[in-house]
Amino acid sequence: MTDNIPLQPVRRPKRHDSKHRNGCCPWSRCCGMGDFRPRTVWLGHPEKREQRYPRNVINNQKYNFFTFLPGVLFNQFKYFFNLYFLLLACSQFVEELRLGALYTYWVPLGLVLIITIMREAIEEIRCYLRDKEVNSQIYSKLSTRGTVKVKSSGIQVGDLIIVEKNQRVPADMIFLRTSERNGSCFLRTDQLDGETDWKLRLPVACTQRLPTAGDLLQIRSYVYAEEPNIDIHNFIGTFTREDGDPPVNESLSIENTLWASTVIASGTVVGVVIYTGKELRSVMNTSNPRHKVGLFDLEVNCLTKILFGALVVVSLVMVALQHFAGRWYLQIFRFLLLFSHIVPISLRVNLDMGKMVFSWMIKKDSKIPGTVVRASTIPEQLGRISYLLTDKTGTLTQNEMVFRRLHLGTVAYGMDSMDEVQSHVFSAYTQPTHDLPASRAPAATKVRKTISSRVHEAVKAIALVHNVTPVYESNGVTDQAEAEQHYEDTCRVYQASSPDEVSLVQWTESVGLTLVGRDQSSMQLRTPTGQILNFTILQIFPFTYESKRMGIIVRDESTGEITFYMKGADVVMSGIVQYNDWLEEECGNMAREGLRVLVVSKKSLTEEQYQDFEARYVQAKLSVHDRSLKVATVIESLEMEMELLCLTGVEDQLQTDVRPTLEILRNAGIKVWMLTGDKLETATCTAKNAHLITRNQDIHIFRPVTTRGEAHLELNAFRRKHDCALVISGDSLEVCLKYYEYEFMELACQCPAVVCCRCTPTQKAQIVRLLQERTGKLTCAVGDGGNDVSMIQEADCGVGVEGKEGKQASLAADFSVTQFKHLGRLLMVHGRNSYKRSAALSQFVIHRSLCISTMQAVFSSVFYFASVPLYQGFLIIGYSTIYTMFPVFSLVLDKDVKSEVAMLYPELYKDLLKGRPLSFKTFLIWVLISIYQGSIIMYGALLLFESEFVHIVAISFTSLILTELLMVALTIQTWHWLMIVAELLSLASYVASLVFLHEFIDIYFITTVSFLWKVTVITLVSCLPLYILKYLRRRFSPPNYSKLTS
């Protein structure tokens, strides 16, 4: 009992609760729309609306035409760094505070703002064009003038919209009519909820019975719909036809809805629009895109605040040493301006330009083709990711199911032996004795016949126990009606709510038993000889998340035999089938190979047994109280002692190199969480297959919990496990977060891997947010569907994979890749390089500014603490631009190891997670170097200058430039030809400009030997000790990367 540590419930309110409870959209307040209300929608009459509804437009832009400039300027000046320079520049309009020409302050600030505004404008234009493409998609609308074309943005509540097969649903609609003969349609919802299962949708019965779609405008009818909310799995409404005799009332549920962002998978449908724009379920499940600021930028901002503190202290010390004489308060301001270079304005420019270079390098990398950088402000984030949260379907997997294994207990058939299965099925239908008992068959073929009949029974069961419908389409040669009549193979496609089922039916077709026809009450199979077998469907028990199995009762029309077939997960089927000694072992073996295992069984029923079952089943379905329990009890009476036929193994193929990529991420110290809308078994299977969960790791499957007490017990059970991967469903997760948020997150963060299944888009974003709040670490979210957008936007770094689920995720992401495997290089190479280069660049720019500020401090101290600038005019601007900008900026090309080494040793990435490249320690080291070099240069110049003040400027400024160029050379680890060009170009620029600087520098003095030796001595004294220290450090305490490069 010592393990049962009491868990304290979380009492503080969560910031997202109210939004979810009220079902309100994050924009509702700012749009002035108030609370959402239910509505009555008249079919085909938008003008009869009782309230204003939002326009049906998608808008992902941060600004509009009027808010762009104020918004960009506000985002720039809300940070201390930029606000400080604005105030600094404005102070120069006050005559008593002016220290030099106005352009020395306003030109650098203007340059920063122009670069920022141009970058933001380019991103906004791109976003506008992407939104325009979606909003301009054309749809057909039924009106009194017939069928008219309308843009997606022009669709209103009450419009009757026609949506073709494979077309995106443009708004939330109620399903009124379909062209399918069976009176239903399939819907692909992967962009909405991440599930690849196709959903069956049913039209309103009253409108489906109308002769033509045009009749929808002739009847007087309306839909009553609940208020808009974020629940994508439920809907409450009614359909009323007033001109009927008597008036028709039908209840509406989720089965009658077509949500926006889903895709019609079969037939052509007509629907009435009930929600548009910001009231769409898909939009309400998408969080507002936030302006992401990188952790690196926040750290730099923190350092600049420290530098500003130093600036204030130095200014106060200078005035204090003057004993606060005269108008001392003005002197403080003058010193603040004089030492303003302590906080370098060029830092922001250099870092922003560096980000653009890093983004360009990512785009141009031939090893990760098709990668796009959509947020060029955060490439350094890629170098410090601690948690990677990934979707499953389409991100880790290809979303393609392939049949891999048929196991009969004594014999198994893999992909290489399917021809044997085919021959067994063929012989079962061509041997005249295949119906005879085994005892009457010749003795020599008894064993072969037994195996043959077992294979045939298994294949026939797989071909019958499913919810797949074959659909025939015109292929240009054969029209639809003819194809359907003759069961034309080339025109047939299979539709189902699960890709697993389609793969099984496609496999039975490949071995000779083809599903050629199906409706609500019958099914037709074609044998290898072309004979059509007719089966009557007596009952179907669909698959549910709770039952984990599906069953079907069919009657063979040729023999009158009634058979109950069932397939399901091994955990439930093991207690249903007859005792055997191989099921558990083989299921385990197949699951370890990453296959999704189904157990198939059958039971023959007599007519009397079936009639008895049917009577009890109908009675149970009519009961009002505990209906589902009574129905389940009746079905379970059949599910006993069933004959085990076979196991099937289906694989959802992983994307290329998913396993080695996950291995790289794990070795780099990144914890991977998988968040998926898919089923628990499927998610667990994929996690094992992808080696997200390693073979020697235990798995704790979190039991479904609904109450606080259950959550308490289950968390205590989980607490006892160590080094164990966690698998939890979305419902259980919600309960845990409601009562024990802190405790759950603490335990989950200790797990080597976490799998969250049946997650809603909002839950995915919530998990990302909680990880950020609880751990303070950086998160990266990877997904490919519309249901991943919230998660991608919430994460510190969002990566979209362009896949079969469309481009919605990749368009909303900060970075988009074409394959999951590219993530390894994106993080290990580009993320690592971007962070290390930006760290080196920022610290060097600070060093450059501190050097000149130290020299100014020494100069003022020597000359009785006078607030007189050492360098003026062009010298001060040229120092941080023409003379040193290119060499310093060339650090963005530096690298410590080759990209191949970074990929081979992902452990190098782990060092960055501690933030060592830019820390208070490294900052302090650079500050000390700056003070040392600035002091040496200034005191050296003061000691060596002869008669005129102008010589101090010449000697000190030249030594300063040479010192900076040598320090860049000292910092560089791998030389690039552009670095050499930058060094030589800067030196040449300085020498050439000396001709024009006669106002500050004596041109005759700088050509003397005296000048040359003095500058050489000062430069050597300032740089040589640092070169010696660098050599000794690499010799006796080399960093990790140097061990690999040597």
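- Looking up the protein chain in an unreviewed UniProt entry gives the name Phospholipid-transporting ATPase, with the organism given as Oreochromis niloticus.
- On record in UniProt, under Catalytic activity (unreviewed entry), the comment for the protein chain is "ATP + H2O + phospholipidSide 1 = ADP + phosphate + phospholipidSide 2."

## Here we look at the overall build of the protein chain
Now for step 1: Along the backbone of the protein chain there are 36 helices and 33 strands.
Now for step 2: Dimensions of the protein chain, computed from C-alpha atoms along their principal axes, come out at roughly 125 × 75 × 65 Å.
Now for step 3: Considering the protein chain as a whole, with its 1046 residues, one finds that 56% of them fall into the buried category.
Now for step 4: Averaged over its 109 positive side-chain charges, the protein chain has a centre that lies 6 Å from the centre of its 105 negative ones.

## Section: the packing of helix H8 (residues 295-321) against helix H10 (residues 346-364)
Now for step 1: The N-to-C vectors of H8 and H10 enclose an angle of 170°; their axes lie 12 Å apart at closest approach. Between H8 and H10, the crossing angle belongs to the class labelled roughly antiparallel. When the axes of H8 and H10 are compared, the crossing they make is right-handed. On the side of H8, the interface is formed by Phe296, Asp297, Val300 and Thr304, while H10 contributes Leu347, Arg348, Leu351 and Lys355.
Now for step 2: When grouped by side-chain class, the residues that make up the contact of H8 with H10 number four nonpolar, one polar and three charged.

## Points about the domain arrangement of the protein chain
Now for step 1: Each assigned domain of the protein chain is listed here: domain 1 (65-134), domain 2 (155-285), domain 3 (344-368 + 824-1043), domain 4 (387-396 + 655-817) and domain 5 (403-428 + 451-472 + 489-651).
Now for step 2: Here the C-alpha centre of domain 4 lies 44 Å away from the C-alpha centre of domain 3.
Now for step 3: Listed by partner, the interface residues are 11 residues for domain 3 and 10 residues for domain 4.
Now for step 4: Counting across the interface, domain 3 meets domain 4 through zero salt bridges.
Now for step 5: Contributing elements (two or more residues each) for the side of domain 3 that touches domain 4: helix H27 (822-862) and helix H31 (907-912).
Now for step 6: Considering every element that reaches the side of domain 3 that touches domain 4, the biggest residue donor is H27, with four residues.

## What to know about the UniProt feature "active site" (unreviewed entry) in the protein chain
Now for step 1: UniProt records the feature "active site" (unreviewed entry) at Asp391, using the numbering of this structure.
Now for step 2: Among the structural elements, Asp391 can be located in the loop between strand E15 (385-390) and strand E16 (397-407).
Now for step 3: For Asp391, a relative accessible area of 0% puts it in the buried group.
Now for step 4: One polar contact links Asp391 to Thr395, side chain to side chain, over a distance of 3.5 Å.

## Points about the sheet that holds strand E20 (residues 514-518)
Now for step 1: The strand order E17-E16-E26-E25-E24-E23-E22-E21-E20 describes an open sheet built from nine strands, whose pairing is antiparallel. In the strand order of this sheet, the two ends are held by strand E17 (412-413) and E20, each with one partner.
Now for step 2: Contacts between helix H17 (residues 607-622) and the sheet are confined to strand E22 (532-541), strand E23 (549-556), strand E24 (562-568) and strand E25 (596-605), with E22 contributing the most and set at about 35° to the helix.

## Here's the deal with unusual backbone geometry
For residues besides glycine, phi is generally negative; the peptide bonds are generally trans as well.
Now for step 1: We note that Glu641 has phi near 50°; this positive angle belongs to a residue other than glycine.
Now for step 2: As for its placement among the helices and strands, Glu641 is situated in the loop between helix H18 (627-638) and strand E26 (643-654).
Now for step 3: Judged by relative accessible area, Glu641 falls into the exposed class, the value being 55%.
Now for step 4: Phi is positive for Arg758, close to 55°, though the residue is something other than glycine.
Now for step 5: Its location among the elements puts Arg758 in the loop between strand E30 (753-757) and helix H24 (761-775).

## Looking at the sheet that holds strand E10 (residues 248-252)
Now for step 1: One open sheet holds the four strands; their spatial order is E1-E8-E9-E10, and the pairing between them is antiparallel. Of all strands in the sheet, those with a lone pairing partner are strand E1 (39-42) and E10, marking the two edges. Adjacent strand axes in the sheet meet at a mean angle of 20° when their direction is disregarded.
Now for step 2: Examined bridge by bridge, strand E9 (residues 237-241) and E10 share five bridges and lie antiparallel to one another. Across the sheet, residue Thr240 finds its bridge partner in E10, namely Asn249.

## Notes on the side chain of Thr262
Now for step 1: Its place among the elements puts Thr262 in the loop between strand E11 (257-258) and strand E12 (263-264).
Now for step 2: Thr262 gets classed as buried once you look at its relative accessible area, which sits at 1%.

## Focus: a nonpolar patch on the surface
Now for step 1: Together, Leu966, Leu1020, Leu1024, Tyr1027, Ile1028, Leu1029, Tyr1031, Leu1032 and Phe1036 make up an exposed nonpolar region whose accessible area comes to about 920 Å².
Now for step 2: Checked against the element boundaries, Leu1020 lands in helix H35 (residues 1009-1036).

## Side note on the environment of Phe85
Now for step 1: In this structure, Phe85 sits in helix H3 (residues 80-91).
Now for step 2: Remark: the alpha-carbon pair of Phe85 and Val597, spanning 512 residues in sequence, is separated by 65 Å.
Now for step 3: Here Phe85 is in contact with Leu109, Val343, Pro344 and Ile345, once residues within four sequence places are set aside.

How each quantity is defined
- Residues numbered from 1 in each chain as written.
- Predicted model: local features only at pLDDT ≥ 70, side-chain atom pairs only at ≥ 80, totals over all residues.
- Heavy atoms only, no water.
- UniProt positions renumbered as here; feature names shortened; annotations may be inferred.
- Helix = DSSP H or I, 4+ residues; strand = E, 2+ residues; numbered from the N terminus.
- Buried < 20%, exposed > 50% of the residue type's maximum accessible area, 1.4 Å probe, protein only.
- Lys, Arg positive; Asp, Glu negative; His and termini not counted.
- Charge placed at Lys NZ, Arg CZ, Asp CG, Glu CD.
- Axes fitted to C-alpha atoms, helices over the stretch in contact; angles between N-to-C directions.
- Parallel < 35°, antiparallel > 145°, perpendicular 65-115°, else oblique.
- Left-handed = near helix turned anticlockwise from the far one by under 90°.
- Contact = heavy atoms within 4.5 Å.
- Nonpolar A, V, L, I, M, F, W, Y, C, P; charged D, E, K, R; others polar.
- Domains from an automatic or database assignment.
- Salt bridge = Lys/Arg side-chain N within 4 Å of Asp/Glu carboxyl O.
- Polar contact = N/O pair within 3.5 Å; in protein donor to acceptor, adjacent residues only side chain to side chain.
- Pairing = 2+ DSSP bridges.
- Patch = residues over 30% accessible without salt bridge, like charges linked within 9 Å, V, L, I, M, F, W, Y side chains within 5 Å.
- Areas by Shrake-Rupley, 256 points an atom, 1.4 Å probe, with all protein chains shown as cover.

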